[in-house]
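# Summary of the model geometry
Residues per chain, in single letters:
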Amino acid sequence: MDLGKLLVNSTQIHVMRVLLCPDKFKDSLSAAEVCQALAQGIKNSHPEAIIQSLPLADGGEGTLDVIREIFGGEWVKVLVKDPLFRAIEAPYLWVKDSSHAFIEMSRASGIELLKKEERNPGITSTFGTGELILHALKHGAKRITLTVGGSATNDAGMGMAAALGFQFLDVNGKELTPIGENLIRIHQIIPSPIIEQIKQIQIQVATDVRHVLYGPQGAAHVFAKQKGADEKMISQLDKGLIQMASFYPNTEIAQSPGAGAAGGLGAGAMFFLQASIHLASSWILDLVSFDQHAAKADVIISGEGKIDVQSWGGKLISTVIQRSQAIQKPIILVCGGLQDENNIPESMRHIPVYPILVPPISLEEAMTKASTHLVRIAENLKL
């Protein structure tokens, strides 16, 4: 694209409009910081350009920060249990005008809260996430949005439900600790005393995980290994998920896309909270009015810390690309590192991708000096 042709016309001057809509660069820059670096670089080489920044998130870490940019709201800090039942302080976002609580499960039940040697989905729990939900209910929430991702758990929402007053009994009538390895021992579920109050609340789950609850494409087989499980534990956890699903009124919940999100918390939210599940990337883009902003732009720049095979199919970037292409807007991608180049879909191979991590730049430098490198990349973009 020739910037000069866009800027100068025989009858009028056209000012280049650039929409910046990246995700975070994990462990390096927030989405807002990526926008700042790109905007600085573009302004250095194209000072006349009009730049709009629209930081995005994928439903995981950082999602609440993006939502707060849009709606405002205040942080509500709650003393809850972490995945191993230790006391920690976790916040959720409260938007008073709409009585809407936004809860990021990773703040209470996330894998990043644990040291590597502590990770074990057999003994971790979503109890703390349930405590956040309970606090929001007592706070007067009429709507709750639960973003899931980065969990340390595989308890199908058993912990969350226990915090809300559900009881899980074994074959002898003894109450079970709500952890992954006890799923297989559930013989009876006693409903929460506040179940009617829960039913009055509109609850939705936002996730980009489309996996079902159990089986080869379920929560345990796909995700438990990265949470610390070995093959024997994965098999046991999967059997536990099947046992939990035996209490569902039908097979639809366990087989729903997203049921396996956050170690089965997706299914747990549907069953215990009557929640609906939504594709996080589409939900976020609708939330920030992406289509309206994109329609006004001449070029769209998106990206994330690592672009790999998953980025092109269902994740945030692929949704940005699809929506940009639908209105015939050119798109450019930036990233920390580019992987799986041979697996880029044919329909997307024409999209320019500018990674930071190219020789002789080291991984450490790419992460610690990402902002500086993004400024340089943006200065040299062929807009």
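In case you missed it, the structure is sitting above this.
Calculation rules
Sequence order sets the numbering: in each chain, residues are counted from 1 along the sequence as written. With pLDDT at 70 or above as the cut-off, local features in this predicted model cover only qualifying residues; side-chain atom pairs require 80 or more to be listed or tallied, and sums for whole chains, interfaces and linings still use all residues. Hydrogens and water molecules were not included; the side-chain quantities draw on all heavy atoms of the structure. Exposure is judged per residue with a 1.4 Å probe applied to protein chains only, and the accessible area is read against the type maximum: over 50% gives exposed, under 20% gives buried, and values in between give partly exposed. Strands are runs of DSSP state E lasting at least two residues, helices are runs of H or I lasting at least four, and both sets are numbered from the N terminus onward. The contact criterion used is simple: two residues touch if any of their non-hydrogen atoms lie within 4.5 Å. Angles shown run from 0 to 180 degrees and are taken between the N-to-C directions of axes, each axis being a line fitted to C-alpha atoms and, for helices, limited to the stretch in contact. Here the angle decides the label: under 35 degrees means roughly parallel, over 145 means roughly antiparallel, 65 to 115 means roughly perpendicular, and every other value means oblique. The crossing is said to be left-handed when, going from far helix to near helix, the turn is anticlockwise and less than a right angle, and right-handed when the turn is clockwise. In this classification, Asp, Glu, Lys and Arg are treated as charged, Ala, Val, Leu, Ile, Met, Phe, Trp, Tyr, Cys and Pro as nonpolar, and every other residue, Gly included, as polar. At least two bridges found by DSSP between two strands are what make those strands a pair. Only residues above 30% relative accessible area that lack a salt bridge enter a patch, with like-charged residues linked at up to 9 Å and the nonpolar side chains Val, Leu, Ile, Met, Phe, Trp and Tyr linked at up to 5 Å. Note on areas: Shrake-Rupley with a 1.4 Å probe; residue coverage comes only from the protein chains shown. A pairing counts as a salt bridge when a side-chain nitrogen of Lys or Arg comes within 4 Å of a carboxyl oxygen of Asp or Glu. Whenever a pair of cysteine sulfur atoms sits within 2.5 Å, that pair is classed as a disulfide.

Further remarks concern helix α16 (residues 370-379). Burial in α16 covers these residues: Ala370, His373, Leu374, Val375, Ile377 and Ala378. As for α16, its buried residues are in contact with α2 (31-45), β12 (331-338), β13 (353-355) and α15 (363-368).

What follows deals with the packing of α2 against α16. Closest axis-to-axis distance for the α2/α16 pair is 7 Å, and the angle between their directions is 40°. With respect to α16, the axis of α2 lies oblique. Crossing of α2 over α16 shows right-handed handedness. Residues Val34, Ala37, Leu38, Gln40, Gly41, Ile42, Asn44 and Ser45 of α2 pack against Ser371, Leu374, Val375, Ala378 and Glu379 of α16. Within the contact of α2 with α16, the residues separate by chemical class into 7 nonpolar, 5 polar and 1 charged.

On to the sheet that holds strand β9 (residues 202-207), then. Strand order in the open sheet formed by 6 strands is β3-β4-β5-β6-β9-β10, and the pairing between neighbours is mixed. Where the open sheet ends on each side, the last strands, each with one partner, are β3 (74-81) and β10 (276-279). Here the average twist between neighbouring strands, direction ignored, is 30°. By the bridge criterion, 8 bridges tie β3 to strand β4 (residues 87-95) in an arrangement that is antiparallel. Each bridged residue has a counterpart across the sheet, and for Val78 the counterpart in β4 is Ala90. Together, β3, β4, β5 (100-104) and β6 (143-147) form the strand contacts of helix α3 (residues 63-71), whose direction differs from that of β5 by roughly 155°. Along the sheet, helix α12 (residues 280-287) contacts β5, β6, β9 and β10; its crossing angle with β10, the most-contacted strand, is approximately 80°.

The next subject is a nonpolar patch on the surface. A cluster of nonpolar side chains, Leu357, Leu363 and Met367, forms an exposed patch at the surface whose accessible area comes to about 250 Å². Examined against the element boundaries, Leu357 turns out to sit in the loop between β13 and α15.

What follows deals with the pattern of salt bridges. Following the criterion strictly, the structure yields 9 salt bridges and no others. Measuring nitrogen to oxygen at the nearest pair gives 3.6 Å for the salt bridge that ties Lys199 to Glu196. With a gap of 3 residues between them, Lys199 and Glu196 both fall in helix α7 (residues 195-199), about one helical turn apart. Lys199 gets classed as partly exposed once you look at its relative accessible area, which sits at 46%. Between Arg323 and Asp291 there is a salt bridge, with the nearest N and O atoms lying 3.4 Å from each other. Taken together, the positions of Arg323 in helix α14 (residues 316-326) and Asp291 in helix α13 (residues 290-296) put the pair 32 residues apart, joining distant regions of the chain. Given the relative accessible area of 17%, Arg323 is considered buried.

Let's shift gears to the state of the cysteines. One covalent bond between the sulfur atoms of two cysteine residues makes up a disulfide. Applying the stated rule across the entire model yields 0 disulfides. Unpaired in terms of disulfides, Cys21 finds its nearest cysteine sulfur in Cys35, a separation of 7.8 Å.

Moving on: the sheet that holds strand β1 (residues 17-20). If you walk across this open sheet you meet the 5 strands as β2-β1-β11-β12-β13, and the pairing is parallel. Among the strands making up the open sheet, the edge pair consists of β2 (50-53) and β13. Shown here is a sheet whose adjacent strand axes are inclined to one another by a mean of 20°, direction ignored. The pairing of β1 with strand β11 (residues 299-307) spans 3 bridges and is parallel. By the bridge assignment for β11, Val18 is matched with Val299. Packing of α14 onto the sheet brings it into contact with β11 and β12, and relative to β11 it is tilted by some 160°.

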